[in-house]
Amino acid sequence: MHMSKRIHSSQEIWEKDRRHHVHPFHNFVSYDENGSLIMDKGEGAYLRDIDGKEYFDAVGGMWCTNIGLGRKEMADAIAEQVTKLAYANPFTDMSNEPAARLAARLAELAPGDLNHVLFTGGGSTANDTAFRMIQMYQAARGKKRKKHVLVRLDAYHGTTYLTTSLSGKAGEKSPEFSFVEDIIHHLSSPNFYRAPSDMSEADFCDFLVDEMEQKILELGADNIAAFFAEPILGSGGVIVPPEGYNRRTWELCQKYDILYLADEVVTGFGRLGHWFVSKDMFDVQPDIITCAKGLTSAYLPLGAIIFSDRIYEVLRNDADRWFTGGFTYSAHPVCCVAALKNIEIMEREKLFENVKAVGPYFEAQLKTLRDLPIVGDVRGRLFMMCVVSVMNKKTKEFFPYEVNIGKRISNNCEALGVIVRPYVDLNILSPPLTMTRHDVDYVVPRLRRAIEITIDELRGEGYLAA
Ligand SMILES: Cc1ncc(COP(=O)(O)O)c(C=O)c1O
């Protein structure tokens, strides 16, 4: 597999990391050979590595540094809370002021009657714990057989045992792992780019909705507890479902008494110019929203499950019922303070207006890359975008695995001072919400250049015709 060797002047840190630090999604051989790019400083959307080289981080960390790095007022708010109350036990009947304030604020920001919040440490644990809540809700209302879950291919819901099982990305299902299989059912990915070429978008939408209904009838609605869906699929390839799909699949859930969980871990907190997009962009009123990432803009780890009055009322109908889920660091006061400060900054600086103003320009500029011979698709919305590389634009044929096309492009882009996230055939861009038109004019030409360099390399290696 193609990887570039990283040589750092600060060999000592690089070597410590290489020898001892096992990363999420670790490839043992390539990290052992190449080590890591070690970051040292961050301000706004800019990062500086340990050798002093600067980068524009067009990935926003991991779609999470929404307000940008290095904010002094955030540091002050966090420091003040650490000094005042660094921790309080969140279990059963003890709480803290920032958690109470944040729960109430999230109830205001979430659509409809989503008025109840359970905090977790991140997105995976939010989805995992939400599943427990769904099980409990269905059982508590006497629907004990409702245990099955519908989810889509290309979905990403995290990396716990359950959420890896929910995810629909084949590449993440390591053959050495085992998975929950008996109650999880994957529907087709709503990726129109990979739909049969004779299908219109409307036909594709009809196909997907029909497939979901057939699956419900096959399994029996009495057996299905919930549908888990990202409004726009993130890591699966920034897949914007066909027009009407989100609303129509939600309507199926209403018709068949299936809970609708919107995983807004990426789409929440401004990436698309809204606190949450389910209702505002897709006219869907979920029963549960899960969120993380932009909730604190990654200053500290925090996730949340925001759920409806309807679920809450069922769960509270038995005095002997205990929701035996949650974590030592649920509702951590310092993390909750970071989230409150983050929300304040987003509002004060009108960052969502910036996303709505700059986003269409970003989309349009990225779409100019479509004239390059390997760019098959450029898709997404606003500050959630992705470039898809293919070996043949007509047949949409993938590059062979060993080319590692996304990584090649991101390595070449990195050398030009811009970070774009590779994922197999994709390069994902999810910048901080502060990105300006000027920044777009910095990022897109560099990405173009990186793709051109990659094309030259591939011609030299015989993967593309000269
Ligand atoms: C849609 C979605 N859900 C859940 C997760 C998992 O979140 P975390 O990595 O915080 O556990 C992610 C992470 O990228 C995500 O993109």
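Each value, and the rule that gives it
Residues numbered from 1 in each chain as written. Predicted model: local features only at pLDDT ≥ 70, side-chain atom pairs only at ≥ 80, totals over all residues. Pairing = 2+ DSSP bridges. Helix = DSSP H or I, 4+ residues; strand = E, 2+ residues; numbered from the N terminus. Axes fitted to C-alpha atoms, helices over the stretch in contact; angles between N-to-C directions. Contact = placed C-beta atoms within 7 Å. Near = placed C-beta within 6 Å. Nonpolar A, V, L, I, M, F, W, Y, C, P; charged D, E, K, R; others polar. Parallel < 35°, antiparallel > 145°, perpendicular 65-115°, else oblique. Left-handed = near helix turned anticlockwise from the far one by under 90°. Buried ≥ 20, exposed ≤ 12 C-beta atoms within 10 Å, placed from the backbone. Right-handed = clockwise from strand over helix to strand, strands pointing away. Domains from an automatic or database assignment.

### Describing the sheet that holds strand β6 (residues 184-187)
Consideration 1: Ordered in space as β4-β10-β9-β8-β7-β5-β6, the 7 strands form an open sheet in which the pairing is mixed. With one partner strand each, in any of the chains shown, β4 (114-120) and β6 form the two edges of the open sheet. The average undirected angle you get between the axes of adjacent strands in this sheet is 20°.
Consideration 2: Relative to strand β10 (residues 303-308), β4 runs antiparallel, the two sharing 6 bridges. Counterpart to Leu118 in the pairing with β10 is Ile305.
Consideration 3: Sitting on the sheet, helix α5 (residues 97-109) touches β4 and β10, and the angle it makes with β4 is about 135°.
Consideration 4: Packed on one face of the sheet, helix α8 (residues 201-219) meets β5 (148-152), β6 and β7 (224-229) and runs near 155° to β6.

### Section: the site of the ligand
Consideration 1: Taken together, 14 residues sit near the ligand, with Gly122, Gly123, Ser124, Gly158 and Val265 positioned nearest.
Consideration 2: Among the elements that line the shell around the ligand, the one with the most residues is helix α6 (residues 123-140), at 3 residues.
Consideration 3: For the shell around the ligand, the residue count by class is 4 nonpolar, 8 polar and 2 charged.

### Here's the deal with the packing of helix α13 (residues 351-367) against helix α15 (residues 437-460)
Consideration 1: Following both chains from N to C, one finds α13 and α15 inclined at 20°, their axes separated by 10 Å at the closest point. Put simply, α13 runs roughly parallel to α15. Regarding α13 and α15, the two cross each other, and that crossing is right-handed. Each of Val358, Tyr361, Phe362, Gln365 and Leu366 in α13 lies in contact with α15, whose residues at this interface are Arg437, Val440 and Val444.
Consideration 2: Of the residues in the contact of α13 with α15, the class split is 6 nonpolar, 1 polar and 1 charged.

### Side note on the pairing of strand β11 (residues 375-381)
Consideration 1: The buried fraction of β11 is high, at 7 of 7 residues.
Consideration 2: Both β11 and strand β12 (residues 384-389) contribute to a ladder of 6 bridges, which runs antiparallel. When the bridges of β12 are listed, Asp377 appears paired with Val388.
Consideration 3: What sits between β11 and β12 in their antiparallel hairpin is a turn of 2 residues, with Leu382 showing a positive phi close to 50°.

### A look at the pairing of β7
Consideration 1: Burial runs high along β7: 6 of the 6 residues are buried.
Consideration 2: With 3 bridges connecting them, β5 and β7 associate as parallel partners. Across the sheet, the residue bridging to Val149 is Ala226, located in β7.
Consideration 3: Across 4 bridges, β7 lies against strand β8 (residues 259-263) in parallel orientation. The partner of Phe228 across the bridge, within β8, is Leu261.
Consideration 4: Handedness of the β-α-β unit built from β7, helix α9 (residues 245-255) and β8 comes out right-handed.

### Focus: the domain arrangement of the chain
Consideration 1: Each assigned domain of the chain is listed here: domain 1 (11-67 + 350-460) and domain 2 (72-348).
Consideration 2: The gap between the C-alpha centroids of domain 1 and domain 2 is 26 Å.
Consideration 3: In this complex, domain 1 contributes 27 residues to the contact, which on the side of domain 2 involves 22 residues.
Consideration 4: Elements with a minimum of two residues in the side of domain 1 that touches domain 2: α3 (60-63), α13, β11, β12 and β15 (426-429).
Consideration 5: No other element matches α13, which puts 5 residues into the side of domain 1 that touches domain 2.
Consideration 6: Residue classes in the side of domain 1 that touches domain 2 are distributed as 17 nonpolar, 6 polar and 4 charged.

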